[in-house]
Amino acid sequence: MARIEPAETLFLAPLSRPAPGSAGRTGTWRVVKPVVDLDKCTGCMLCWLYCPENTILKTGEGKVRIDYEYCKGCGVCANVCPFHAIEMVVEG
Amino acid sequence: MPVMGLTGNYAVAHAVRLSRVEVVSAYPITPQTTIVEKLSEMIEKGELNARIIRVESEHSALAAVYGAASAGSRAFTATSSHGLLYMHEVVWWAAGSRVPLVMAVVTRAIGPPWNIHVDHQDIMDQRDTGWIISMAQENQEVLDLTIQAFRISEDPRVYLPMIVGLDGFILSHTRAPVDVPEQELVDEFLPPRRQPYVISPETNLVMGNIAPDDVHFLMRYSMAEAMEAAKRVIEEVDREWGKLTGRSYGGLVECYRCEDADYLAVITGSWSGDAKVAVDKLREEGIRYGVLRLRFIRPWPAEKIAVHAEGKKGVLVFDRAISMGGYGPLFSDVSATLYGSRISLEGVIAGLTGVDVKPRDFAEAMRRFASEVDEKGFVYKPREWLLPRKYRENPEKIREVARIWS
Amino acid sequence: MVVNIRKLPDKPYIMPGNAACPGCPETMGLRYVKMALGDNVVLVIPAGCSSVIQGIAPRSGINFPILNIVFAAAASAASGMKAAFEQQGKDVHVVVWAGDGGTGDIGFQALSGAAERDEDIIYICVDNEAYMNTGIQRSSLTPYGAWTTTTWTGKKEHKKNVPAILISHGVKYVATASVGYPADFIEKLQRASKIRGFRYIHLLAPCPIGWRFDPGLTAKVAQLAVQTGLFPLYEYINGVFRLSPIARRYKDPKKRVPVTEYLKLQGRYKHLLNKPEEIRKIEEYIENTWRLIEALEKTFTEEGGRGEQVFRAL
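Notes on the structure in this doc start here. Bear in mind the structure is a predicted one, so any value in this text is a computation, not a measurement. (Residues numbered from 1 in each chain as written. Chains lettered and ligands numbered in written order. Predicted model: local features only at pLDDT ≥ 70, side-chain atom pairs only at ≥ 80, totals over all residues. Heavy atoms only, no water.)

Turning next to the pattern of salt bridges. According to the stated counting rule, one finds 65 salt bridges over all chains in the structure shown. Asp 39 of chain C serves as the salt-bridge partner of Lys 11 of chain C, at 3.0 Å between the closest nitrogen and oxygen. On the criterion of sequence distance, the pair formed by Lys 11 of chain C in the segment before helix H1 (25-37) and Asp 39 of chain C in the loop between H1 and strand E1 (41-46) is long-range, its members being 28 residues apart. Given the relative accessible area of 40%, Asp 39 of chain C is considered partly exposed. Linking Arg 191 of chain C and Glu 187 of chain C is a salt bridge whose minimum nitrogen-to-oxygen distance equals 3.5 Å. You can see Arg 191 of chain C and its partner Glu 187 of chain C sitting in helix H7 (residues 182-193), four residues apart, about one turn around the helix. Like Glu 187 of chain C, Arg 191 of chain C is buried. Here the salt bridges do not stand alone but share partners, grouping Glu 141, Asp 238, Glu 254, Lys 276, Arg 293 and Arg 295 of chain B into one network. (Salt bridge = Lys/Arg side-chain N within 4 Å of Asp/Glu carboxyl O. Helix = DSSP H or I, 4+ residues; strand = E, 2+ residues; numbered from the N terminus. Buried < 20%, exposed > 50% of the residue type's maximum accessible area, 1.4 Å probe, protein only.)

The structure is reproduced here in structure tokens:
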């Protein structure tokens, strides 16, 4: 196993660490936004499972909420919801 | 320390064993093949505790050892000629990622036509990549350089991969006495592997996604700086190896009879030995040449060349490769190094495609250059051809051959 | 083994704010990879959409350790990483995540080599059926008739069947999966993770941009590919073949959704929707695909139900 040491000379390597926002605040890309009707939501978590962005978050009450800072508004969640609890609403 | 009769390729294999390499991968290509054959044997016999990956191409060979090195293991590959060209993309990728790695390049001409014999076209093609590039003159130096390569590449001031160049057949397949050091000595010289980062679940690091262009620029700058730092490291390592083994080569360059010379011949690789024989011969005629043998092509030993060239009447550069439409690659860099010095310069293209260059051929070129400088005072000839002797002696023969081969 | 959605780990395996297009199937798939395999994973990613999805350094939008590597070298770089981890005594899942071009075209030689050497890695081909990252150019995995920016009147050749080629390599594990059926994909990854040797999973990943459909329909299109019989889901483990439970009903042509239902959602097929002879060619492709499936089933089903035992044991 290698020992990792800082270099004495100027050293830069093409390295990254996982972190949110590597393409900025992608919520600004959105033209339509998902709105969850919590009365219809049964907490089945299919939207959470299918969301490509990890922007559907589980709430303490066993339901979901949207991370609008990063949600790109693709609409996958609305389409997979068996209870039509997510509506895509035009931004603005 | 046992002295063994080893080919250059076996000297590489023993050096790899002594350097405790953990992962080896290579693809067969003449004249490299006996390196990976020997390493396979060592690994299967348990003399070297390493994994060997018998890949389906050179592109994969370098990618495999690069992957291993990125994951934190000391790794090694070897290739030649078309194999080196085929892996060229990965050569760049490995250097840019700053992961220490060592590769032996057994130099060989590039086709067409198919040709397995020596020239330096393949290794010279790697000059811009960010690999440290060394060239050995003899089998002992092959072994010593290979062990040193791990130390240099893994030095935190450097963190660049390194090529050990050895000439096809002349070294690779020719047996010579080689002092093979004891494992304890190599362990003392070569510390456990160091590297700037490791890609693993523990580090959760990502190598190589898109970076801002200005930061990418700084990465290139930092590589160039590391090459400069490598010059010091190479000298240090050479001195330290000298203390341990009694073998010190002079670091970036080796100078043979330079001090009292009027002219310098700049050269690299195994044929330097023939150039030295020519120099001895010319001394008897009263023509005083020295040989400046470049042990490293990258980093370019500019300062050393400038110091050794100072006060000389002329510098004659022998290239075993050519940049088509340009000059010999060594000549271009020597010319840039000596710009403004008013030292006479000539670049000679010779020994391409395996054509043998004998001491008398070297002597002929050296004699001609010296007399021309003496006659004219200043000469600048960037590209002179030292054709195979039979065509020099009988130029009509060239037309004759061209008629057949057209 | 049944995947319980509520019990899957809830960690940001894809970092929000990454550079993927809306509705991207690759980020969907990457989440499932880590849900299934956990944190002891290193990804090797050749050139492709997933190299860009990571976003701009020093951040990365994919929450894995990643070695990005040149296009043709993913399987070989992964082989080397695995060898290094083994030498260091570490048990790490080295996973290649490569597109269809990086798998079936430029990376095919390295893939074939690693498969033949039975390298202990998991190779996932995330198949969006064209070079999407460079702007929708055809690959050998683009299906017949599909428009791309290098096949303006539709591709004239059928899709290369890479998983069948991998079965022919004699590797330990081959499976097909679809981002439309995450539980099935996760189950397959978990089974694959318990096997040593070369494992190949071919993941269908419908691309809204390249296939020209509404980005909200990624999952739906991925399901339809299975329901029309175009993309059968199956597993092959060490000489035993079986259709995946969700795909079994589509063995019966009468139970399949008409292929036009799938085609009409996608702009890339717009030019052939009213050409029955073209649609017939796609239907023939489905029939041939199932002929091969039946042959594989017949060839690799062992007597005495040992096949089922093999699967249940994992």
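Resuming the write-up.
What follows covers the packing of aromatic side chains. Residue and element names in this part refer to chain B. Under the definition given, this model contains 17 aromatic pairs over all chains. With a centroid separation of 6.0 Å and 70° between ring planes, the pair formed by Tyr 263 and Phe 369 is classed as edge-to-face. Separated by 106 residues along the polypeptide, Tyr 263 in strand E12 (residues 263-267) and Phe 369 in helix H13 (residues 359-376) bring together distant segments of the chain. The class of Tyr 263 is buried, set by a relative accessible area of 2%. Grouping aromatic residues by their ring pairs yields a cluster made of Tyr 263, Tyr 289 and Phe 369. (Phe/Tyr/Trp six-rings, centres within 6.5 Å; stacked < 30°, edge-to-face > 60°.)

With respect to topology, 11 strands assemble into an open sheet ordered E2(C)-E2(A)-E10(B)-E3(C)-E1(C)-E4(C)-E5(C)-E7(C)-E6(C)-E8(C)-E9(C), the strand pairing being mixed. The open sheet terminates on both sides in strands that have one partner only, identified here as strand E2 (59-60) and strand E9 (240-243) of chain C. Across two bridges, the pairing between strand E2 (residues 15-18) of chain A and E2 of chain C is parallel. Its bridge partner being in E2 of chain C, Arg 17 of chain A is matched across the sheet by Arg 59 of chain C. In the packing of helix H11 (residues 276-299) of chain C onto the sheet, contacts are made with strand E8 (234-237) and E9 of chain C, and the angle to E9 of chain C comes to roughly 135°. (Pairing = 2+ DSSP bridges. Contact = heavy atoms within 4.5 Å. Axes fitted to C-alpha atoms, helices over the stretch in contact; angles between N-to-C directions.)

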